[in-house]
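Per-entry structural report
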Amino acid sequence: MEEIFGPDGLIARAHPEYEHRPGQVEMAEAVLRAFEERRHLIVEAGTGTGKTLAYLVPAIAAAVARGGRVVVSTGTKNLQEQLMEKDIPFLQRVLPKKFSAAYMKGRSNYVCLSRVKRAETSPILDGLDDIDYFDAVRRWSRDSAAGDRAELVELPENLTFWRHIDARSEICTGQKCADYDACYITRMRQRAADADIVIVNHHLFFADLALRGGEYGQVIPDYSAVIFDEAHQVEDVAAEYFGAQVSNFQLEDMLRDLQMLPVTDAGLNRELTRASGRVARFAEQFWMGFARESRADEGRFPLAPGTFARKNREGGVEATPLGDAYLGLDGALQRLETTLDVIREKPPEVENLVRRIRETRFNLEFIVAGDDRRYVYWVERRGRGTFLRASPIDVSTLLQDKLFDRVETVVLTSATLASAGSFDFIKQRLGLAPPAEDDEAAGGGGGAGKTDELVATSGYNYEEQAVLYLPPRMPEPRNPAWIERAAAEVVGLLNVSRGRAFVLSTSLSGMRALYDRVAPEVDFPCFVQGSMAKAGLLDRFRSTPHAVLFATSSFWQGVDVRGRQLSCVIIDKLPFAVPTDPVVAARQRFIEEQGGSSFYEYSVPQAIITLKQGLGRLIRSATDRGLLAVLDPRLRTAAYGRLFLASLPPCRVTSSLADAATVFESEQTPVR
């Protein structure tokens, strides 16, 4: 690793701006050792470590030497594309041994050739603009290199008809499809099967892991090792795919695909039309029931006991109105399933629909019954969508069984995985084995499955590059006076930094309250999340001198603004998870039932990791300098505040604005 990452190594000779980073070499050696000894590894690699190359180089070395495929799973498609378009080509030029790489996205990112052909004669378009857009997509689908909608850069991001022509798994007929050989999914799988390194994202990885072993199983080819970048997201993504879900969109898509079946028998067509109409009527009643239950609010709500059935006065059980609606919908789906199932010599499309109906009925029954105490049952309303979900409360056992016990080496890395210097929280949440030395002391066998740990040293000098400002004498966040004091502090901080700031809030209401109070009081351009698309907001922020961006959770991670344009990050409150969220509440209740403290074992460590993500937006290069600020007085007044402070970058802490301003003294423009 020193020969590659050292001051005179391969990368230094090939990259004129390369900086030797001891933490990068340290991490690369640890990753290589994990591959060689078949261990698991968890690495916190703060901004400036150069973690991407630190895990890619040993992964490539292991894959080429042992002939075993390595999967790299990223938190976002943007990072996935960066690896494939920037880092992988660079290493293919630099490293002496040749290797191949491929990337895979979720199936809904790809166009389905068969569905495009059927759509040419089907009513899927909403307006005149869609006619031109569809014509462009149809022509592109014939000549595309990968069939990936990301290639459609000239068309709107949200094509209303895309969901009717994408290659999602539930509509796929596999090798029975006439377009199987030409299919972009088939080609994607072939490229991945021939590659040493396969780049995926967490959503695809866990969708694949949940399906492995089933009839419609894996998409990702077999692998001997996996690396998770942005691994702090793994628990939430895994819980999403190891659960059950039914939505109104699923039923709508099912009925639309039913209308497109190649059925020529007039009597059968009439019966299918009646059966699908019955499903549509009962489905509308069912989903409208949730609008009444949640007063049509958007958000996530628990499905409490008694939602679908309750005890009557005689001590028996009777269905609620929502339960009656479910029974009607299930009966209509059963009749549709029977009508399709009796068709002789079924075409593949019919077999596919029967499978989808059965799966939908199974998931609905599981969610409505709600009697598996290992799951939390909840409903989410988002836009015109209603989603019923059952999520495992604790994914640690599932991950241990399906991932850590079956794969030789799993590397988890992120800039934020430790809490107060310990990995205990993330290991317990994910079901990781204890550190190798502890396991051996307990009499464990060989190296496979054991977990090593590393906090890689950052390449940045936070004591010189950053100041942490904690305002004096702030009221508690629940105090009505807090918002006015917080707004006054933000105004003062923005004047010190001359704008160039992110103001990050833990809620939309908090963001809006600060924006409304601060924007009229400062002379800097102020942008607020929601006023335009996230990518457009970031572009505006980067190109506007002295800009200020007010935002919430989606800007706390995965956002990179380098240089003086972002010189200040202000966080309003400690980012504790919303206790009323059904999944959070269920996890906390589970810990309490096991005799633990949900606050110190779950709420505090998770909030620490989230806070580190938010503050990590500031220092993105060795030349960046800036001001961090947290307006929540509990960092100093609460007993758990010291755990947060111990987890933050080792920078100077002050409660004086004048002192905080000294971080900008090296800049030529005078501080106001």
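Residues numbered from 1 in each chain as written. Predicted model: local features only at pLDDT ≥ 70, side-chain atom pairs only at ≥ 80, totals over all residues. Heavy atoms only, no water.

Once that is clear, we can look at the sheet that holds strand β13 (residues 451–456). What the seven strands build is an open sheet, ordered β3-β4-β2-β5-β12-β1-β13; its pairing is parallel. One side of each edge strand has no neighbouring strand; the edge strands of this open sheet are β3 (101–103) and β13. With direction set aside, neighbouring strand axes in the sheet form an average angle of 15°. Pairing analysis gives five bridges linking strand β2 (residues 70–74) to strand β4 (residues 197–201), with the strands arranged parallel. Within the sheet, the bridge partner assigned to V70 lies in β4 and is I197. (Pairing = 2+ DSSP bridges. Helix = DSSP H or I, 4+ residues; strand = E, 2+ residues; numbered from the N terminus. Axes fitted to C-alpha atoms, helices over the stretch in contact; angles between N-to-C directions.)

Soluble globular proteins: nonpolar side chains tend toward being buried together. Ranked by size, the top nonpolar core spans 57 residues in total, and within it F205, F206 and F228 carry the most contacts. When residues no more than four places from it in sequence are discounted, the contact partners of F206 are F228, V234, V237, A238, Y241, F242 and L399. Listed in part, the 41 residues of the second largest apolar core include V25, L53, A59 and L83. (Core = buried A, V, L, I, M, F, W, Y, C linked by side-chain atoms within 4.5 Å. Buried < 20%, exposed > 50% of the residue type's maximum accessible area, 1.4 Å probe, protein only. Contact = heavy atoms within 4.5 Å.)

Take the packing of helix α13 (residues 321–341) against helix α14 (residues 348–369) next. Packing of α13 against α14 brings their axes to within 10 Å, and their N-to-C directions diverge by 160°. Viewed along their axes, α13 and α14 adopt a mutual orientation that is roughly antiparallel. As α13 packs across α14, the resulting crossing turns out to be left-handed. Residue-level inspection shows Y326, L329, D330, L333, Q334, L336, E337, L340 and D341 of α13 in contact with α14, the latter providing V350, L353, V354, I357, R358, T360, R361, L364, E365 and V368. A per-class count over the contact of α13 with α14 returns 11 nonpolar, two polar and six charged. (Parallel < 35°, antiparallel > 145°, perpendicular 65-115°, else oblique. Left-handed = near helix turned anticlockwise from the far one by under 90°. Nonpolar A, V, L, I, M, F, W, Y, C, P; charged D, E, K, R; others polar.)

Each regular strand carries side chains that alternate between the two faces of the sheet. Side chains C568 and I570 of strand β18 (residues 568–571) all project onto a buried face; the interleaved residues V569 and I571 project onto the opposite face, where all are buried too. Looking at chain direction, strand β15 (residues 501–504) and β18 are connected through four bridges and run parallel. Note that in β18 the partner of F502 across the bridge is V569. In the sheet, β18 pairs with strand β19 (residues 626–630) via four bridges, with the strands oriented parallel. Residue pairing for β19: I570 is matched across the bridge by A629.

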